[in-house]
Amino acid sequence: MLDAGCGTGNYAAELLQYGCGYVTLLDASPGMLEKAREKMAQQIQSGRVKEVIEAKLPAIPYPDQTFDAVMFNLVLVYIILSCVVMNFCNEYACSMLYTN
Ligand SMILES: C[S@@+](CC[C@H](N)C(=O)[O-])C[C@H]1O[C@@H](n2cnc3c(N)ncnc32)[C@H](O)[C@@H]1O
């Protein structure tokens, strides 16, 4: 399973405990990932955490069908908001260009 926007890995850790085979942790924040690495050191050592990767969603840097499931827990709101803000800024920048 891919835990996209994993934070410090709380949910991935629980899922492993409750029978999920393997997880990959992905987050945009190096600080969050560092905490996840510390918290899940044992599962990383055992190979049940496959990878801990810094990446910025919505792009997922893996080929299609790499994972059986992807979890976005408390993450999509940030992605949607940043898209809305970017679109707004693009619109604003365009109107600045034309009214200049
Ligand atoms: C509220 S926390 C949720 C963490 C975890 N999923 C949980 O439920 O405990 C939101 C997380 O999303 C990450 N995040 C926000 N925007 C992101 C993006 N575009 N790509 C990857 N991670 C992102 C933040 O770094 C943060 O760790």
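Residues numbered from 1 in each chain as written. Predicted model: local features only at pLDDT ≥ 70, side-chain atom pairs only at ≥ 80, totals over all residues. Heavy atoms only, no water.

(A) Geometry of a nonpolar patch on the surface. A contiguous nonpolar surface patch, about 480 Å² in accessible area, is contributed by Ile60, Val70, Phe72, Leu76, Ile80 and Val84. Top contributing element to the nonpolar patch by residue count: helix α4 (residues 76-99), with 3 residues. (Patch = residues over 30% accessible without salt bridge, like charges linked within 9 Å, V, L, I, M, F, W, Y side chains within 5 Å. Areas by Shrake-Rupley, 256 points an atom, 1.4 Å probe, with all protein chains shown as cover. Salt bridge = Lys/Arg side-chain N within 4 Å of Asp/Glu carboxyl O. Helix = DSSP H or I, 4+ residues; strand = E, 2+ residues; numbered from the N terminus.)

(B) Seen up close, the site of the ligand. Taken together, 16 residues surround the ligand, and among them Gly5, Asp27, Ala28, Leu57 and Asn73 come closest. Measuring from a nitrogen atom of the ligand, one finds a backbone N or O atom of Gly5 at 2.7 Å. The contact in question runs from an oxygen atom of the ligand to an N or O atom on the side chain of Asp27, over 2.6 Å. Here the residues of the shell around the ligand sort into 10 nonpolar, 4 polar and 2 charged. (Near = heavy atom within 4 Å. Polar contact = N/O pair within 3.5 Å; in protein donor to acceptor, adjacent residues only side chain to side chain. Nonpolar A, V, L, I, M, F, W, Y, C, P; charged D, E, K, R; others polar.)

(C) Up close: the nonpolar core. Membership of the largest hydrophobic core comes to 14 residues, with the highest contact counts inside it found for Val23, Leu25, Met40 and Val49. Mapped onto this core, the elements with two or more residues apiece are α1 (10-17), β2 (23-27), α2 (30-39) and β3 (49-54). With 3 residues, the single largest contributor to this core is α1. Other than its neighbours up to four places away in sequence, Leu25 contacts Asp3, Cys6, Ala12, Ala36, Met40, Val49, Glu51, Val52 and Ile53. (Core = buried A, V, L, I, M, F, W, Y, C linked by side-chain atoms within 4.5 Å. Buried < 20%, exposed > 50% of the residue type's maximum accessible area, 1.4 Å probe, protein only. Contact = heavy atoms within 4.5 Å.)

(D) Molecular detail of the side chain of Thr8. With respect to the helices and strands, the residue Thr8 is situated in the loop between β1 (2-4) and α1. A polar contact of 2.7 Å, which involves the side chain of Thr8, links it to the side chain of Lys39. Residue contacts for Thr8: discarding those within four places in its chain leaves Met32, Lys35, Ala36 and Lys39.

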